[in-house]
Amino acid sequence: GSKSLRVITSTQFLISPIGTRCQHGLYFQDGERRVDYILTYHIKKPSSSRSNRQSSRFTDNAFTRSLRRGTARLGRAPPPQPRGDPEVASQDHSMDYHVDDKRLHREEFEGNLRDMGIELEKDEDTKTPGVGFVKIHAPWHVLCREAEFMKLKMPTKKVYEMKQSTGVGAKINTLVNKVTEPLYPNVEDNRTHNVKHLSYMFSREKQHLFDLSDRDSFFDSKTRASIVSVIVSSRSSRTVDWTLLFKCGPCNACYVLTFCCSVFQLLYEEWASYSVFYKYQPIGLVRKYFGEKIGLYFAWLGLYTQMLIPASLVGVIVFLYGCATVDDNIPSMEICHPKNNITMCPLCDRACSYWKLKEACGTARASHLFDNPATVFFSIFMALWAAMFMEHWKRRQMRLNYEWDLTGFEEEEVSDHPRAEYELRVMQKSLKKEHKTQKVLIEKEKLTCRDRLPAYMTNVVMMLLMIGVTFAIVFGVILYRISTKTALHMSNNPTTRSNVRLTVKTTAAIINLVVILILDEVYGAVARWLTVLEVPKTDKSFEERLIFKTFILKFVNAFTPIIYIAFFRGRLVGRPGSYLYVFESYRMEECAHGGCLMELCIQLSITMLGKQLIQNNLFEIGIPKLKKLIRYIKSKRRSFQEEEREKKLQRYETDHFLEPFAGLTPEYMEMIIQFGFVTLFVASFPLAPLFALLNNIIEIRLDAKKFVAELRRPVAARAKDIGIWYNLLRAVAKVAVIINAFVISFTSDFIPRLVYQYMYSPDGSMHGFVNHTLSYFNVSNFQDGKEPMDPQHQVEMCRYKDYREPPWSNTPYVISKEFWAVLAARLAFVIVFQNVVMLMSDIVDWLIPDIPKDISLQIHKEKILMVELFMKEEQGKIQFIDSMMPCGGKEKRNNHAPIARSRSIPHTHSHTHANNF
């Protein structure tokens, strides 16, 4: 039978361990009014000898300040200040001026909140020394007023049946659901509902449309907190700006109370637990508790992780194909053949000697694991996979918009309020202009491009400087590799000399990883500073500009070393007798005989795994816990008192020690960079999707645990999509097609093998390919001082990997015609691969509709039902008016009824059309 679903009642929750620990501090002292929001501020308890004087002085100071402000507004001079002992006055002024000023601002701010109808309750007698708490409660009439202003869609009494799809698709869906039933969390939210409440924007005039039988639960804790947050942040700011209030110090923090309810316990047990890593997420509960914006992030992360499963399977198959065919690979067999006696030219000047090609046997065999015909297929597959992922997410997003009643929501409705910093700059500009012109400005000023020009110039210079720093560090690692390779070749230890390449590759990759981790933190801070300099008008504009700068810097930081190895290493070398040098002493690096693909794979794997293990997981676990520990230490709490005090603390005190929510930018950013690792260089590392999948399985539960247990509850924010992140994903997917085309064409030996097989091979096989790719060099043509000091082999000719004429030809060491044939084939492959794959991606995009058909029908049905609802309401009003009128009035009313109806019905149509998505 079907699995029983867990439904936790209020009584069960209160007697649970989490419930008993959380129920303290959720209400005002009367036990009836719920705490919707918390403000904290610093308090300094006065000494007993000075308390009375301080209290009276504060009252006088506050009174005179308010009086002075009022007279200033009326254009009169302030009254004279009371005089006293000068010495005492100066001492009191130095000690209490700032405290009084902060308290005055805070009380003025609280007065504004009370004028808005908000109810406040202070608590300074807490077990958290030095911190006072202001509990905020929004009464019913305030919630109704703000819900109407915010255009919140709330469920009406009208219920309609959702049409269930029929046919073969529905039967397949039913079968899949039965098979995957054990993977769903044991929550009621996952039950398929056949009915849905018709939602409409809340209006106080139309309260009869909504089910208000239980007013306490009509607006849930998430909605109440978001309403209060809007009031606190925008509507209460008359003379005191709330953001500046926190920056200047009167208030330390504001946060939503962790409302411990049955939903919270279900999230704790069925979502934020590593034991349920194999189950789907209860996205509906996540949205219900944290809001739509965070719900969309976890829905996107879950879909991305789900889509990585087929990519991982294909990647593993490609890797296993390479393992299975390594013994049949003719080029590596020729290199490893015991009779192979090809002598290669030295890998460095003076210290390095001649070496036998068969010494590169291990590298050649390992390269085949990642450089085989299957990798071309995998690159095409991953490009189509990225297109499928984008389309699947658009459909999933539309389904969530319908289920969460966001189909008529526009983000501009809630994101147009100017930021505090912007208003402050505008005010400064206005005052400066008034001071110059000696006139009061009527029109409100705004910041122009000219005002922001210095910030824009600073942005351009700093961004270029940071990118230059990244290039400089990559160049430094190149010099490290060159010098370390030379030093190791001079070692007397034969084991050290035999493992030079592996040692240099691995240590350089680790150095790159450490530098990337450090610069990531630096670049994040620089990007925020540059965005603050620009003074964007709205929070949405600020967030988008910050994301763009951070993405550019972190993307360049993560992928510059990889791009160097893929496209530049081994191509700026020169040839024996005419090598290219840096600073006249550092000879540029060469690739191993198997190509740079193996080194690219090592760099990519170390960087990707290192970032995931250290940055994404270790930092996310360790840093919040460390910050929480620091807060406990600052509040003078001892470890042996921890458990006892935890039981006595109010809920808002416990939340005070949690880490503040810093936004979803870091979470999205690490996933976008990971998406780059999965798609950009997948031709060189087919196991990348598998490692990403394993990381994301942990990442989902890690983020869930962080949101539930380590962070303060964020204010619920509405959003209908993932915003600029979708555009960045599309850009990465497009760039991935081009980069993979160049990796296959120029970094791997796929094209040279094809050219040899079909143009130069005598029997159409790969026999003789290795010899075909090696050129000859006469050792007598070495530059003075560049030949080996202690040559182990006495040779006249050595070989090197390049397409050049032999020394006995009429044009020795000139690029041969084979080089130009291979180059033409490489460029042709890039053009064909790029256009074919992008065309296939566009076909996938065109074939899959953005909106699922059943959702499109349901949205259309909702619009029809809404029109019917309002027409029925209009008819009810007309009948009521007719029943209240006398007979003569009825006849007169009937004569005008068609006009009234013709006016009312189009109004309803136009309203519903305006909400069309």
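Further up the page is the structure itself.
Residues numbered from 1 in each chain as written. Predicted model: local features only at pLDDT ≥ 70, side-chain atom pairs only at ≥ 80, totals over all residues. Heavy atoms only, no water.

Caption draft 1: Expanded view of the environment of Leu479. Mapped onto the secondary structure, Leu479 falls in helix 18 (residues 449-489). A residue is classified by how much of its surface remains accessible, and Leu479, at 17% relative accessible area, is buried. In this structure, the C-alpha to C-alpha distance between Leu479 and Val582, residues 103 residues apart in sequence, is 8.7 Å. Setting aside residues up to four positions removed in sequence, Leu479 forms contacts with Val582, Phe583 and Tyr586. (Helix = DSSP H or I, 4+ residues; strand = E, 2+ residues; numbered from the N terminus. Buried < 20%, exposed > 50% of the residue type's maximum accessible area, 1.4 Å probe, protein only. Contact = heavy atoms within 4.5 Å.)

Caption draft 2: Here's a closer look at the packing of aromatic side chains. Summed over all chains, the structure comprises 48 aromatic pairs. Taking the centre distance of 5.5 Å and the plane angle of 50 degrees together, the rings of Trp140 and Phe219 count as tilted. A residue pair is termed long-range when its members are at least 10 positions apart, and Trp140 in helix 5 (residues 140-149) and Phe219 in the loop between helix 7 (215-218) and helix 8 (221-235) qualify at 79 residues. You can call Phe219 buried: its relative accessible area is 0%. Seen in terms of ring centroids, Tyr297 and Phe298 are 4.9 Å apart; in terms of plane orientation they differ by 70 degrees. Their pairing is edge-to-face. The same class applies to Tyr297 and to Phe298, which are both buried. Here Arg713 stacks its cationic end above the ring of Tyr289, 3.8 Å away from the centre of that ring. Here Arg799 stacks its cationic end above the ring of Tyr776, 3.8 Å away from the centre of that ring. (Phe/Tyr/Trp six-rings, centres within 6.5 Å; stacked < 30°, edge-to-face > 60°. Lys NZ or Arg CZ within 6 Å of the ring centre and 35° of its normal.)

Caption draft 3: Layout of the environment of Asp721. Here Asp721 lies in the loop between helix 26 (688-710) and helix 27 (724-747). Look at Asp721 and you get partly exposed, because its relative accessible area is 29%. Note: C-alpha distance between Asp721 and Leu296 (425 residues apart in sequence) is 7.1 Å. A distance of 3.0 Å separates the side chain of Asp721 from the backbone nitrogen of Gly723, its partner in a polar contact. (Polar contact = N/O pair within 3.5 Å; in protein donor to acceptor, adjacent residues only side chain to side chain.)

Caption draft 4: Here's a closer look at the packing of helix 15 (residues 373-403) against helix 27. Here helix 15 crosses helix 27 at 170 degrees, and the two axes come no closer than 10 Å. Here helix 15 is positioned roughly antiparallel relative to helix 27, judged by the angle of their axes. Here Val376, Ser379, Ala383, Ala386, Phe389, Met390, Trp393 and Lys394 of helix 15 come into contact with helix 27, specifically with Tyr726, Leu729, Arg730, Ala733, Val737, Asn740 and Ile744. (Axes fitted to C-alpha atoms, helices over the stretch in contact; angles between N-to-C directions. Parallel < 35°, antiparallel > 145°, perpendicular 65-115°, else oblique.)

Caption draft 5: How the structure looks around the nonpolar core. Trp300, Tyr304, Trp385, Phe675 and Phe681 are the most contacted members of the largest nonpolar core, which totals 111 residues. The greatest single-element share of this core, amounting to 15 residues, is contributed by helix 12 (residues 292-324). If we ignore the near neighbours within four places in the chain, the residues touching Trp385 are Tyr304, Met307, Leu308, Ala311, Phe675, Val678 and Thr679. Ranked by size, the runner-up nonpolar core spans 44 residues in total, among them Leu113, Val228, Val256 and Met398. (Core = buried A, V, L, I, M, F, W, Y, C linked by side-chain atoms within 4.5 Å.)

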